[in-house]
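Structural characterization, general
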Amino acid sequence: MNNNTGLQMAEREIRIESVLHYLWKRKLFILIGAVVITILAVTAGYYLDNREYRRSLASQNEKQLSEEQQKQMEELQEWERKLEDWKKYNESLLYMSFDSAAVSKVVSEYQITGDDLEPEDIADISALYFYYFESGRLTEAIHMTDEEGREYSLTREVIDYKGLGSDSQYFMITVYGADPEQSEWLAEAVEQAMLEYRDVIAQEVKAFEMESISQMSGIYPNESIYNRQASRDQIQKNMEEDYNEFKKSISAAVSNYLESENTEPQPAGIRGKYVVLGLIAGLFVMMLFAALQYMMSSTVKEEREIRQTSGLRCMGVLNPNVSETEVREILERIDSYRTDTTEEQSVAILTSVQNEAVLQSYVDQLQPVKWIWNMIGNEAEEAERVIALRKSSKALLIEKEDASRWERLAENIAACEENGIEILGYIYIRDK
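Residues numbered from 1 in each chain as written. Predicted model: local features only at pLDDT ≥ 70, side-chain atom pairs only at ≥ 80, totals over all residues. Heavy atoms only, no water.

This brings us to the overall build of the protein chain. Per the secondary structure count, the protein chain includes 16 helices and 9 strands. Here the protein chain holds 432 residues, and 40% of them are scored as buried. Sequence separation of 24 or more characterises 83% of the internal contacts of the protein chain that already satisfy a separation of 6 or more. Carbon and sulfur atoms make up 50% of the accessible area of the protein chain, which amounts to about 25100 Å² in all. (Helix = DSSP H or I, 4+ residues; strand = E, 2+ residues; numbered from the N terminus. Buried < 20%, exposed > 50% of the residue type's maximum accessible area, 1.4 Å probe, protein only. Contact = heavy atoms within 4.5 Å. Areas by Shrake-Rupley, 256 points an atom, 1.4 Å probe, with all protein chains shown as cover.)

Structure representation (structure tokens):
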């Protein structure tokens, strides 16, 4: 062995293959760090991309219009409000959803009866029912909604009341629907509302009964509904044309202002380029960090480092799950290199681990019966170390991953060389 080995140990050689091997060992740490950096990069990219979005919103708030332009804008917004209200009301009208060529109709005839009803009583009852219909209270009492929960407006185009003379006991109610199911439901709802209102009339006039005499239904073309639909569509078309004409007449400044208000800038989504760049940068940064950590570390990271730097032979590698067979092979290998050592002579065990107590379980596994071990602790005084070494004919190093210190390892090798103690080799301990 080179006499300057101990001095050379103080400056270990950094080899590229050792660095790469260490990076591979720390792959999980590197990948987790790269993912974290990727998330940060994506977040930063999202923030930068949305900076323009925030600027656009701020610029909208800073826009100013002249007094005349402001008036034009308010008029245009009023036009838009009226047009929107008209469209919403049109959609709420039940008959606007009808096919005028095939409208479902239900005609029901009723009779007012009572034991002591006079002709003037019947006239009053008929008048009150007519008022109930004309005032809109009948349609207000019926609530009809679609599948989306939108309530329809019921008008005379859908419900029609007709009395057969001012003093007649008979009257007819006609309802219309988009299909037989809808018209039948509406006919039942109207009848129920009329029956409920009967109690109100009875308090004003006399008690009476409202009996259903006949009912007929069918699907027919309805010219009246067709004309009403066409009329409302034409009104909406005229309103849209007037709105567009007015919009053309206002200044370009107002038009641009409204266009920018109606077209809000959209925030940017997560872009793939930030994911790719973040992952590449993350891997590079984490690999660089791990490499620097390896090169600047004062502890042993791999078994090959000791072998490459010191030239000592490796007697074996231990881990928490080492088998008895592996321990026996290590002992036989050590024994084969100590042929000139008597049973009375001990083998010094040296370690550069700061707390050698963590090695005790491994030393206990290696303790043979036929020769003596002398564990020389790191805390011993230099004089005691020399005396202990001189009592030994051989030395064995036990080093532990991420625990053995290079500086102390160099001192132990140098001490053996100075005292003429042959180093059999070293046993390397891994955490897992």
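Still to come is the rest of the account.
The next point concerns the side chain of glutamine 229. Within the fold, glutamine 229 resides in helix 9 (residues 223-249). Contacts of glutamine 229, omitting those with residues within four sequence positions, involve Tyr95, Met96, Phe98 and Ser100.

Take helix 16 (residues 406-418) next. Quick reminder: α-helices carry 3.6 residues per turn. Residues three or four places apart thus point the same way. Taking 1.5 Å of rise per residue, 13 residues should cover 18 Å, and helix 16 covers 18 Å from first to last C-alpha, within 8% of that figure. Those residues of helix 16 that sit buried are Trp406, Arg408, Leu409, Ala410, Asn412, Ile413, Ala414, Ala415 and Cys416. Positive backbone phi, approximately 70°, marks glycine 420, located one or two places after helix 16. (Expected span 1.5 Å × (residues − 1).)

This paragraph deals with the packing of helix 5 (residues 67-92) against helix 9. Two elements in contact, helix 5 and helix 9, have axes whose closest approach is 10 Å; the angle formed by their N-to-C orientations is 165°. By the angle class used here, helix 5 and helix 9 are roughly antiparallel. Pair helix 5 / helix 9 crosses with left-handed handedness. In this structure, helix 5 uses Gln72, Glu75, Leu76, Trp79, Glu80, Lys82, Leu83, Trp86, Lys87, Tyr89 and Asn90 to contact helix 9, whose residues at the interface are Arg232, Asp233, Ile235, Gln236, Met239, Glu240, Asp242, Tyr243, Phe246 and Lys247. When the residues that make up the contact of helix 5 with helix 9 are grouped by side-chain class, the tally is 9 nonpolar, 3 polar and 9 charged. (Axes fitted to C-alpha atoms, helices over the stretch in contact; angles between N-to-C directions. Parallel < 35°, antiparallel > 145°, perpendicular 65-115°, else oblique. Left-handed = near helix turned anticlockwise from the far one by under 90°. Nonpolar A, V, L, I, M, F, W, Y, C, P; charged D, E, K, R; others polar.)

A word on the nonpolar core. For soluble globular proteins, nonpolar side chains are generally found buried alongside one another. Counting 38 residues, the largest nonpolar core has Tyr129, Ile159, Phe171, Ile173, Leu186 and Met194 as its most contacted members. At 8 residues, helix 8 (residues 180-204) tops the list of elements feeding residues into this core. Leu350, Ala395, Leu409 and Cys416 belong to the second largest nonpolar core, which has 15 residues in total. (Core = buried A, V, L, I, M, F, W, Y, C linked by side-chain atoms within 4.5 Å.)

For the structure shown, the criterion picks out 10 salt bridges. Across the pair arginine 198 and glutamate 209 runs a salt bridge whose closest N-O atoms are separated by 3.2 Å. With a gap of 11 residues between them, arginine 198 in helix 8 and glutamate 209 in strand 4 (residues 209-220) connect regions that are remote in the sequence. Salt-bridge contacts for arginine 408 lead to glutamate 411; the nearest nitrogen and oxygen are separated by 2.7 Å. One end of the pair, arginine 408, and the other, glutamate 411, are both in helix 16, 3 residues apart, so they sit about a helical turn from each other. Since its relative accessible area comes to 36%, glutamate 411 is described here as partly exposed. (Salt bridge = Lys/Arg side-chain N within 4 Å of Asp/Glu carboxyl O.)

The next thing to look at is unusual backbone geometry. For aspartate 402, which is not a glycine, the phi torsion comes out positive at approximately 65°. For aspartate 402, the position within the fold is in the loop between strand 8 (392-400) and helix 16.

With that out of the way, let us pick up the sheet that holds strand 3 (residues 170-177). The antiparallel open sheet is built from 4 strands, whose spatial order is 2-3-1-4. Sheet topology places strand 2 (159-163) and strand 4 at the edges, where each strand pairs with a single neighbour. Averaged over all pairs of adjacent strands, the angle between their axes in this sheet comes to 15°, without regard to strand direction. In this sheet, strand 4 lies alongside strand 1 (residues 103-113) in antiparallel orientation, the contact comprising 11 bridges. Each residue of the ladder has a partner; that of isoleucine 112, found in strand 4, is methionine 210. The sheet contacts of helix 6 (residues 119-134) involve strand 1, strand 2, strand 3 and strand 4, and relative to strand 2 the element is tilted by about 160°. (Pairing = 2+ DSSP bridges.)

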